[in-house]
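Coordinate inspection notes
If you want the building blocks of each chain, they are given just below.
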Amino acid sequence: MRRTHVVLLMAMAGVGLLLMAISAMAGRGFSHAAPLAQTTNESEPNNSCSEANEIALAAPVLGAIDPITDTDWFYVATQSGLPYYASAAMTAPEFKVRLCVYDENCHLMSPCSSASASNVDLSWTAAGSRHYLEIEKYDAITDTTKTTSYLLEVVQEYVSPPTSTPTPSATPSPWEDDYEQNDSFAQAYSLPVETSVTLVGLEGLANFYPLGDEDWFKFWAKDGKWYQATTGSLSGVDTYMEVRDQNNSIVKNDDDGGGGYASQAKWEAEYDGYYYIRLTNKVQTTGSYDLSIEESAPSSGPSPTPAPGADTQADSCEDNLDFAHACVIPANQPQTFNLVPPYGGVDNDFFKIWVKPGFIFECATSNLSPGVDTNMIVFNGPSWDNAVGGNDDVEPGNYDSYFAYYSTYEGWLYLLVGTGDRTPSNIYDSNYTLRCDMRMPGQTSTPESTGAPTPAPTSDSQAATPTLSSSPVATPVPSEDLTVRTLTTPTPVPATTPAPRFIPISLLVYYDANDDHQAGAGEGIAGVSAQAYEAATNQLLAQGFTDEQGGLEFTVAAQGPVRVSVPFLGFSQLMAGEGASIYVRVPPKSFP
């Protein structure tokens with residue numbers, strides 16, 4: 001059974017002498033420890049802002065959307081300045097939807113969520129006493145018989161109460177960088193008028209603090225000149241960059257063009273004057289970064305193909321014959337290589353892709369030339385001792401290779417693609433396509449995106465998933481722990497009588513004393529009470545307490561989404577998948 005893995009982060013307001021004396025928690029997806037409200041149903045028509053249904057906080061609502069109606073609207077009462085979180089879990093997915101948030105004047109507040117057929121969510125800070133939510137169809141589907149059902153919930157995210165007299169807002173927080181307040185176009189920090197500038201040479205590194213902080217900078221450019229902006233020295237953040245002109249229109253944007261989590265954008269100035277750089281953090285964390293802007297050479301199209309090795313027919317990544325020369329590959333993009341050795345002998349192709357904790361990376365080969373039979377080995381570090389598994393044939397008769405890896409760290413994941421002793425007869429006709437897809441747990445991959453065969457593999461030994469133990473999560477899983485089992489097809493159940501699903505749930509609550517974002521030995525919090533409820537009926541399905549390692553495991557039978565609640569920590573989370581491993585991290589907090 002493929003299990004969804006949900007990683008949850010919590011922020012602690014204060015730490016007493018005992019861990020169990022935790023009194024205030026904050027973080028995305030955490031609501032007040034209030035009684036669970038009864039689920040209600042949407043009321044049609046609610047196809048526009050003026051027809052929106054009113055919903056209450058922490059009161060789930062069941063709704064459905066079809067290709068004709070296309071959109072469902074709701075509104076919720078809010079308090080200006082407070083953070084809120086909305087999520088919709090699909091209970092009967094037929095096509096993808098996305099979620100959008102509007103202010104009290106029905107103006108879109110920020111980009112809508114990404115489209116998904118499993119769950120969508122958004123966080124925002126209230127700008128008034130009412131906000132509107134829109135759930136809209138995203139797939140190009142015309143089949144009027146298909147309907148997607150969902151369970152929508154809005155909660156107010158926890159805000160730690162002040163422990164002393166509030167500091168006047170005009171005085172910056174001691175944790176903010178020296179470029180604040182630069183949270184908008186009008187407040188952009190003015191960089192020196194130079195051909196190049198780096199933040200670390202000015203006031204030091206910038207940071208994202210508090211959660212949700214965005215930073216604006218402006219840079220004087222000359223008409224006709226080319227400029228390049230790059231983030232670097234990232235610490236615990238994933239930057240997203242927008243270059244905007246003097247009219248606040250986006251000129252360029254970029255996510256990971258600078259390598260890893262860093263961003264990079266290049267543009268040509270069309271006037272003498274300021275261009276603006278807007279930087280946001282794609283993950284709910286705080287941390288620091290550097291920004292450099294410099295005059296550059298004109299862009300002349302795509303970057304040149306890397307030079308091949310000694311054999312001119314070797315692929316563009318050669319020579320990538322070892323870990324030190326591993327070729328960097330991007331996520332979600334297929335690339336074609338071959339097995340032509342640049343210097344004779346056997347060609348071993350090493351690749352590496354930057355991975356992020358909490359994501360699943362699915363790598364697969366496809367489009368094999370005649371006689372090619374790829375073999376893939378995956379490593380979580382640049383050493384043969386870091387092998388985590390591999391795959392030869394995805395199924396009998398299909399010589400493609402496929403491996404899925406759940407990442408618990410930030411860094412490089414290495415892949416070795418070769419053929420062992422099965423070298424094709426014509427080495428100059430030995431092409432293969434390699435693609436590594438990055439997805440969130442719960443998102444369903446497709447054969448087109450990963451290169452995996454249409455029939456499900458009969459083994460799940462390729463899926464590397466974290467285990468709940470007292471060892472650090474990043475410790476490689478030994479190969480002997482991998483198991484192989486046959487997946488059986490369940491007996492079909494009549495649609496009129498939904499059968500309950502057996503959902504395994506693993507919970508780990510830990511105090512991250514060394515702040516390494518991993519559950520280490522001795523960091524588990526014992527005696528924390530947790531419950532699981534049927535989301536639609538609020539029926540209690542299971543309950544228990546974490547053991548001395550901070551772990552709790554149970555399996556529940558439910559027909560729909562399940563809610564996991566930890567009342568002591570004010571935590572409540574919906575789950576619509578086939579299972580979950582929930583990691584609740586309590587970061588350290590320094591005393592005043």
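Whatever comes next refers back to the structure up there.
A brief look at the structure comes next. Numbering of residues begins from 1 in every chain and follows the order in which that chain's sequence is written. Per-residue local features are limited, in this predicted model, to residues with pLDDT of at least 70; the limit for side-chain atom pairs, both in listing and counting, is 80 or more; totals at the level of whole chains, interfaces and linings are taken over all residues. In computing side-chain properties, one takes all heavy atoms of the structure into account and sets aside hydrogens as well as water.

Attention shifts here to the packing of aromatic side chains. Stacked, tilted and edge-to-face pairs are distinguished by plane angle, under 30 degrees for stacked and over 60 for edge-to-face with tilted covering the rest, among Phe, Tyr and Trp rings (Trp via its six-membered ring) whose centres lie within 6.5 Å. A full pass over the atoms with the stated rule returns 25 aromatic pairs. Arranged with centres 5.7 Å apart and planes meeting at 75°, the rings of F323 and Y414 form a pair that is edge-to-face. Linking F323 in the loop between β22 (287-296) and β23 (327-328) with Y414 in strand β30 (residues 411-418), this pair joins segments that are 91 residues apart in sequence. The residues F323 and Y414 share a single accessibility class, namely buried. With a centroid separation of 6.5 Å and an interplanar angle of 70°, the aromatic rings of Y405 and Y409 are classed as edge-to-face. Among the aromatic side chains, those forming a connected cluster through ring pairs are F219, Y227, W267, Y271 and Y275. Secondary structure follows DSSP: runs of H or I at least 4 residues long count as helices, runs of E at least 2 residues long count as strands, and numbering of each begins at the N terminus. Only protein chains enter the area calculation, which uses a 1.4 Å probe; residues under 20% of their type maximum are buried, those over 50% are exposed, and those in between are partly exposed.

Outside of glycine, negative phi angles account for most residues, and trans bonds account for most peptide bonds. The residue after E44, namely P45, is reached through a cis peptide bond having omega 0°. Relative to the helices and strands, P45 resides in the loop between β4 (40-41) and β5 (53-54). With omega at 0°, the peptide bond leading from E180 into Q181 counts as cis. If you trace the backbone, Q181 turns up in the loop between β12 (148-156) and β13 (189-190). Unlike most non-glycine residues, S233 shows phi in positive territory, near 50°. Its place among the elements puts S233 in strand β17 (residues 226-235). Look at N367: it is not a glycine, yet its phi comes out positive at around 55°. Within the element layout of this structure, N367 appears in the loop between β26 (360-366) and β27 (375-379).

Moving on to the sheet that holds strand β36 (residues 562-566). The four strands lie next to each other as β34-β33-β36-β37, forming an open sheet whose pairing is antiparallel. Each edge of the open sheet is held by one strand with a lone partner, namely β34 (539-545) and β37 (571-575). Pairs of neighbouring strands in the sheet enclose a mean axial angle of 20°, with direction left out of account. In this analysis, strands are considered paired if DSSP registers two or more bridges between them. Pairing of strand β33 (residues 529-534) with β36 involves four bridges; the strand directions are antiparallel. Note on β36: the bridge partner recorded for A532 is V564. Where helices are involved, their axes are fitted lines through C-alpha atoms of the stretch in contact, as for all axes, and angles between N-to-C directions lie from 0 to 180°.

To continue, consider the environment of L199. With respect to the helices, strands and loops of the structure, L199 is situated in the loop between β14 (196-198) and β15 (206-208). Sequence separation between L199 and D290 is 91 residues; the distance between their C-alpha atoms is 5.8 Å. Contacts are residue-level and defined by heavy atoms, with any inter-residue pair within 4.5 Å sufficient. Aside from chain neighbours lying at most four places away, what touches L199 is Y179, L191, G204, A206, F217, Y289, D290 and L291.

Our next topic: the pattern of salt bridges. We define a salt bridge as a contact between a side-chain nitrogen of Lys or Arg and a carboxyl oxygen of Asp or Glu at a distance within 4 Å. Taken as a whole and judged by the stated rule, the model has 13 salt bridges. For R98, the salt bridge identified is with E136, shortest N-O distance 2.4 Å. Here R98, found in strand β9 (residues 97-102), pairs with E136, found in strand β11 (residues 130-137); they are 38 residues apart in sequence, far enough to count as distant. Residue classification places R98 among the partly exposed positions, given a relative accessible area of 25%. On the basis of relative accessible area, E136 is assigned to the buried category, the value being 16%. Residues D272 and K222 are paired through a salt bridge, measuring 3.5 Å at the closest nitrogen-oxygen approach. Note that D272 is positioned in the loop between β20 (264-268) and β21 (273-281) and K222 in the loop between β16 (215-221) and β17, a separation of 50 residues in sequence. Sharing partners across several salt bridges, the network here consists of E214, E242, R244 and R278.

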